Amino acid sequence: MKRNVILGMLLVLAILISGCTQAPATTDKKDAETTDVVTTASLVNTGDAFIKAISKDGTWIIATLGDLKIDSDLVLDGTFVNGKKDDAGNDIVQRKIGLYTQDDARNVTARFTLTAPKITINSPKASIEHGTFVGDVYVTATDFQLKDQKIEGNLYFTNPEAQATFKMDATSSVTGVQELKQ
């Protein structure tokens, strides 16, 4: 059993590394054209590693390898591109917290819980996917998404644009309120 878990983690690591091209971390559109900082996926299994990965100096995708409990407030900061281009040839902005592992066919194999008093989403086009977040979520950035994600807490939007551009799929849920809180 232990061997299968280790092999599964190594497989997920290989998939994430091969599927995530290096992409420049940026703080604004001008910097995206001139930056020489590169980032790949960050696989984390400790609170300290998670906090570092979600910082403005972190990575565009943060994947947990198990449940995490962090006693301090979290902030997802920075604008990142995922290494892909849109139809016009522009870098695609994206930031993702993945609370799951997957197999080589991209099927979710395990879901994890992240617990913290709150997380503030400052990164544009960010998502939290395939797990459970226990705590309150404060969204300041535009185009935030929940994908197959459960929030056991409240979802607050700090401005009308963040609320208007929020998306949540049919398999996601929020147990508390979803409201504008300026």
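Everything numeric in this text was worked out from a predicted model, so none of it was measured.

### Points about the packing of aromatic side chains
Reasoning step 1: For the structure shown, the criterion picks out three aromatic pairs.
Reasoning step 2: Arranged with centres 5.0 Å apart and planes meeting at 40°, the rings of Tyr-138 and Tyr-156 form a pair that is tilted. Taken together, the residues Tyr-138 in strand β14 (residues 132–139) and Tyr-156 in strand β17 (residues 155–157) connect sequence positions 18 residues apart.
Reasoning step 3: Note on Phe-157 and Phe-166: the rings are 5.2 Å apart at their centroids and 55° apart in plane angle, and the pair reads as tilted. The pair Phe-157 / Phe-166 is uniform in exposure class, with both members buried.

### What to know about the environment of Pro-160
Reasoning step 1: By the secondary structure assignment, Pro-160 is in helix α4 (residues 160–164).
Reasoning step 2: Taking the C-alpha atoms as reference, Pro-160 lies 9.5 Å from Thr-142; in sequence the two are 18 residues apart.
Reasoning step 3: Contact partners of Pro-160, with chain neighbours within four places excluded, come to Leu-180 and Gln-182.

### Let's talk about the pairing of strand β7 (residues 79–85)
Reasoning step 1: Pairing of β7 with strand β8 (residues 91–93) involves two bridges; the strand directions are antiparallel. Following the sheet pairing, Val-81 is matched in β8 by Val-93.
Reasoning step 2: Between β7 and β8, which pair antiparallel in sequence order, lie five residues; one of them, Gly-89, sits at a positive phi of approximately 90°.

### Notes on the confidence of the model for the protein
Reasoning step 1: Per-residue confidence for the protein gives a mean pLDDT of 85, with 78% of residues at or over 70.
Reasoning step 2: This stretch, residues 10–38, has a pLDDT under 50; its non-local contacts, to residues over four places away or in other chains, come to 46 contacts.

### Some points on the pattern of salt bridges
Reasoning step 1: Applying the stated criterion to the full structure yields six salt bridges.
Reasoning step 2: Where Lys-85 meets Asp-91, a salt bridge forms, and the shortest distance between an N and an O atom there is 2.8 Å.
Reasoning step 3: The exposure class assigned to Asp-91 is partly exposed, which follows from its relative accessible area of 29%.
Reasoning step 4: Glu-129 is the salt-bridge partner of Lys-147, the closest N and O atoms lying 3.7 Å from each other.

### Comments concerning unusual backbone geometry
Reasoning step 1: If you check the backbone angles, Arg-106 has positive phi at about 65° while not being a glycine.
Reasoning step 2: Tracing the backbone through its elements, the reader meets Arg-106 in the loop between β10 (100–102) and β11 (108–111).
Reasoning step 3: Non-glycine residue His-130 carries a positive phi angle of around 60°.

### Digging into the sheet that holds strand β4 (residues 61–64)
Reasoning step 1: Spatially, the six strands line up as an open sheet ordered β3-β4-β9-β13-β15-β18, and their pairing is parallel. With one partner strand each, in any of the chains shown, β3 (42–44) and β18 (167–168) form the two edges of the open sheet.
Reasoning step 2: Relative to β18, strand β15 (residues 145–147) runs parallel, the two sharing two bridges. Note that in β18 the partner of Gln-145 across the bridge is Lys-167.

### Thoughts on the pairing of strand β12 (residues 113–121)
Reasoning step 1: Pairing of strand β5 (residues 68–69) with β12 involves two bridges; the strand directions are parallel. Bridging from a neighbouring strand, Lys-69 pairs with Thr-115 of β12.
Reasoning step 2: Bridge count between strand β6 (residues 74–76) and β12: three bridges; the pairing is parallel. In the sheet register, Leu-74 faces β12, and the bridge partner there is Ile-119.
Reasoning step 3: As judged from the seven bridges shared by β12 and β14, these two strands associate in the parallel manner. By the bridge assignment for β14, Thr-120 is matched with Tyr-138.

Cut-offs applied
- Residues numbered from 1 in each chain as written.
- Predicted model: local features only at pLDDT ≥ 70, side-chain atom pairs only at ≥ 80, totals over all residues.
- Heavy atoms only, no water.
- Phe/Tyr/Trp six-rings, centres within 6.5 Å; stacked < 30°, edge-to-face > 60°.
- Helix = DSSP H or I, 4+ residues; strand = E, 2+ residues; numbered from the N terminus.
- Buried < 20%, exposed > 50% of the residue type's maximum accessible area, 1.4 Å probe, protein only.
- Contact = heavy atoms within 4.5 Å.
- Pairing = 2+ DSSP bridges.
- pLDDT = per-residue confidence, 0-100.
- Salt bridge = Lys/Arg side-chain N within 4 Å of Asp/Glu carboxyl O.

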